[in-house]
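Observations on chain architecture
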Amino acid sequence: MESVKPSLQTKLLPIMLCFFVMGFVDLVGIASNYVKADLNLTDSQANIFPSLVFFWFLIFSVPTGILMNRIGRKKTVLLSLVVTFFSLLLPILGDSFVIMLISFSLLGIGNTLMQTSLNPLLSNIVNTGKLASYLTFGQFVKAIASFLAPYIAMWGVAQTIPSFGMEWRVLFFIYMSIAALAIVWLNMTSIQEEREEGRPSTFKECFSLLRRPFILLCFLGIMCHVGIDVGTNTTAPKILMERLSMTLADAGFATSLYFIFRTAGCFLGAFILQRVSAKIFFAISVICMLVAMVGLFIFNEKMMIYACIALIGFGNSNIFPVIFSKALLSMPQKKNEISGLMIMGLFGGTIFPIAMGMASDAVGQSGAVAVMTVGVIYLFFYMLKIKH
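So, a few notes on the structure that sits alongside this text. Only a predicted model underlies this, so the values are computations on that prediction, with no experimental measurement involved. (Residues numbered from 1 in each chain as written. Predicted model: local features only at pLDDT ≥ 70, side-chain atom pairs only at ≥ 80, totals over all residues. Heavy atoms only, no water.)

**With respect to helix α5 (residues 73-93)**
Rule in force here: A run of DSSP states H or I qualifies as a helix once it reaches four residues; a run of E qualifies as a strand once it reaches two. Both are numbered from the N-terminal end. What a helix is expected to span follows from its residue count: subtract one and scale by 1.5 Å. Using a 1.4 Å probe on the protein chains alone, a residue whose accessible area is under 20% of its type maximum counts as buried, one over 50% counts as exposed, and one in between counts as partly exposed.
Over its 21 residues, α5 extends 31 Å from the first C-alpha to the last, a length consistent with the 30 Å expected when each residue adds 1.5 Å. Of all the positions in α5, only R73, K74, T76, V77, L78, S80, L81, V83, T84, S87, L88 and P91 are classed as buried.

**Quick notes on unusual backbone geometry**
What is expected of a backbone is that most residues other than glycine have negative phi and most peptide bonds are trans. Of note, E167 is a non-glycine position whose phi angle comes to about 50°, a positive value. Among the residues examined, E167 registers a relative accessible area of 40% and is labelled partly exposed. Here S245, not a glycine, exhibits a phi torsion of approximately 55°, which is positive. Take S245: it is sitting in the loop between α10 (213-244) and α11 (248-251). Exposure remark for S245: the relative accessible area of 64% places this residue in the exposed category.

**Observations regarding the nonpolar core**
Under the convention used in this document: Definition of nonpolar core: a set of buried residues of the types Ala, Val, Leu, Ile, Met, Phe, Trp, Tyr and Cys, connected through side-chain atoms within 4.5 Å. Any two residues whose heavy atoms approach within 4.5 Å are treated as being in contact.
Ranked by internal contacts, the top residues of the largest apolar core, which has 126 residues, are L27, L81, F104, L122, Y175, F282 and M342. If you tally residues by element for this core, the top one is α10, at 13 residues. For L81, the contacting residues outside a window of four places in its chain are C18, V21, M114, A182, I183 and L186.

**What to know about the environment of G348**
Looking at the secondary structure, you find G348 in helix α17 (residues 348-363). With a relative accessible area of 0%, G348 lands in the buried category. Considering only alpha carbons, one finds G348 and C308, 40 residues apart in sequence, at a separation of 22 Å. In contact with G348, not counting residues within four places along its chain, are M223, V226, G227 and P353.

**Observations concerning the packing of α10 against helix α14 (residues 302-316)**
Heads up, the rule is: Between N-to-C directions, angles cover 0 to 180 degrees, with each direction set by a line fitted to C-alpha atoms, over the stretch in contact for helices. Our angle categories are set so that under 35 degrees counts as roughly parallel, over 145 as roughly antiparallel, 65 to 115 as roughly perpendicular, and the remainder as oblique. Classes in brief: Ala, Val, Leu, Ile, Met, Phe, Trp, Tyr, Cys and Pro nonpolar; Asp, Glu, Lys and Arg charged; the others, Gly included, polar.
It is at 11 Å that the axes of α10 and α14 come closest, and there the two elements cross at 175°. With respect to their mutual orientation, α10 and α14 come out roughly antiparallel. Facing α10, whose interface residues are H225, I228, D229, T232, A236, I239, L240, R243 and L244, α14 presents K302, I305, Y306, I309, I312 and N316. Looking at the contact of α10 with α14 residue by residue, the classes come out as nine nonpolar, three polar and three charged.

**Some words on the side chain of T76**
With respect to the helices and strands, the residue T76 is situated in helix α5. Those residues within four positions of T76 in sequence are excluded, and the remaining contacts are T64, L67, M68, I71, L113 and S117.

**Some remarks on the packing of aromatic side chains**
To keep things clear, this is the line we draw: Any Phe, Tyr or Trp ring, taking Trp's six-membered ring, that has another such ring centre within 6.5 Å forms a pair; planes under 30 degrees apart are called stacked, those over 60 apart edge-to-face, and the others tilted.
By the definition in use, this model includes 14 aromatic pairs. Each ring, one from F20 and one from F24, has its centre 5.7 Å from the other, and the planes form 85°; the classification is edge-to-face. Comparing F20 with F24 shows no difference in burial state: the two are buried. Look at Y378 and F381: their rings are 6.2 Å apart centre to centre, the planes differ by 50°, and that puts the pair in the tilted class. Taken as a pair, Y378 and F381 lie in helix α18 (residues 365-385) at a separation of three residues, close to a single helical turn. A relative accessible area of 16% means that Y378 is categorised as buried. Taken together through their ring pairs, the aromatic side chains of F137, F140, F267 and F271 make up a single cluster.

**Some words on the side chain of T373**
Note on placement: T373 falls in helix α18. Excluding its chain neighbours within four sequence positions, the residues that come into contact with T373 are M293 and F297.

Written as structure tokens, this is what we have:
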């Protein structure tokens with residue numbers, strides 16, 4: 001990132017800590033496995049927990065955009081932090097199925113509030129031309145929290161860190177403490193927000209923004225991005241198991257590889273977007289994914305499949321911040337409502353896996369790759385609509 005002025009740095013640091021807290025939602029993956037073991041749950045019961053996250057994006061995204069018009073972006077972020085704090089507190093007090101269900105529901109609601117409000121709040125302190133770059137850096141910070149969660153839980157179980165008898169649930173205590181720090185720090189930080197002109201928008205007026213061609217293109221682009229993200233996470237190991245007869249334990253490295261390159265892409269993208277136009281970098285990212293999808297159709301060698309997965313991770317890493325920033329800047333007077341609509345697009349993480357599952361049942365994992373390829377082709381079409 002380029003050097004920032006002290007005043008900007010003072011405001012940027014607590015916001016980046018909030019991006020770190022945003023990554024707490026990804027602990028649901030490792031935590032659901034531990035809950036399943038502790039409570040002797042079936043796969044169907046345990047899968048309820050991660051599915052809750054995408055459900056709340058569908059329900060609360062647009063209402064959060066309307067709420068921001070009434071109480072402001074900073075207060076909405078603070079509310080999301082408070083909800084996240086209590087979601088992390090509950091598992092420390094108990095670990096029954098009901099408690100964990102409430103905890104993960106609150107975690108999903110808090111994350112929906114945060115993703116909808118934190119991104120436009122960032123636009124209040126950075127130059128509009130650098131917004132995509134800073135959003136990308138925020139995604140990199142978020143990814144750090146996602147990476148750390150499984151290791152903290154593992155260290156708690158192994159008692160290599162003080163767990164105070166909580167074992168893997170010490171993860172909740174550590175992340176709860178960080179959420180508390182974020183609440184205090186952001187509350188003490190003064191951020192000047194532009195006021196929305198006119199009266200607050202209604203639900204109908206928010207959804208009517210989808211009638212605008214570019215806003216609809218952005219919304220569908222977010223759905224494709226998340227669909228490719230979730231799809232790769234679930235399909236990459238299955239491809240290796242189907243074509244190379246690998247065990248799940250060995251094939252699971254493919255998911256880690258995807259996240260490694262996705263995180264690296266976010267980090268590099270924060271610098272590249274400072275010097276290269278968003279359209280050019282977006283085009284490079286989409287081409288990387290197109291090449292990778294073709295490769296997944298034709299290659300059966302382990303290293304070539306790994307290379308394709310890495311390309312998808314790198315290519316998909318900067319799609320969200322570019323689309324999100326373009327959507328916000330296309331209607332700056334409606335940033336709150338636009339943010340709500342874009343975050344609702346994360347529901348694509350539920351739609352794509354369903355279509356991919358049906359396709360893979362019919363023709364194998366190549367069918368799942370075909371569904372993701374449709375998403376990549378759409379992103380190529382979207383790229384042609386970016387002005388600069």
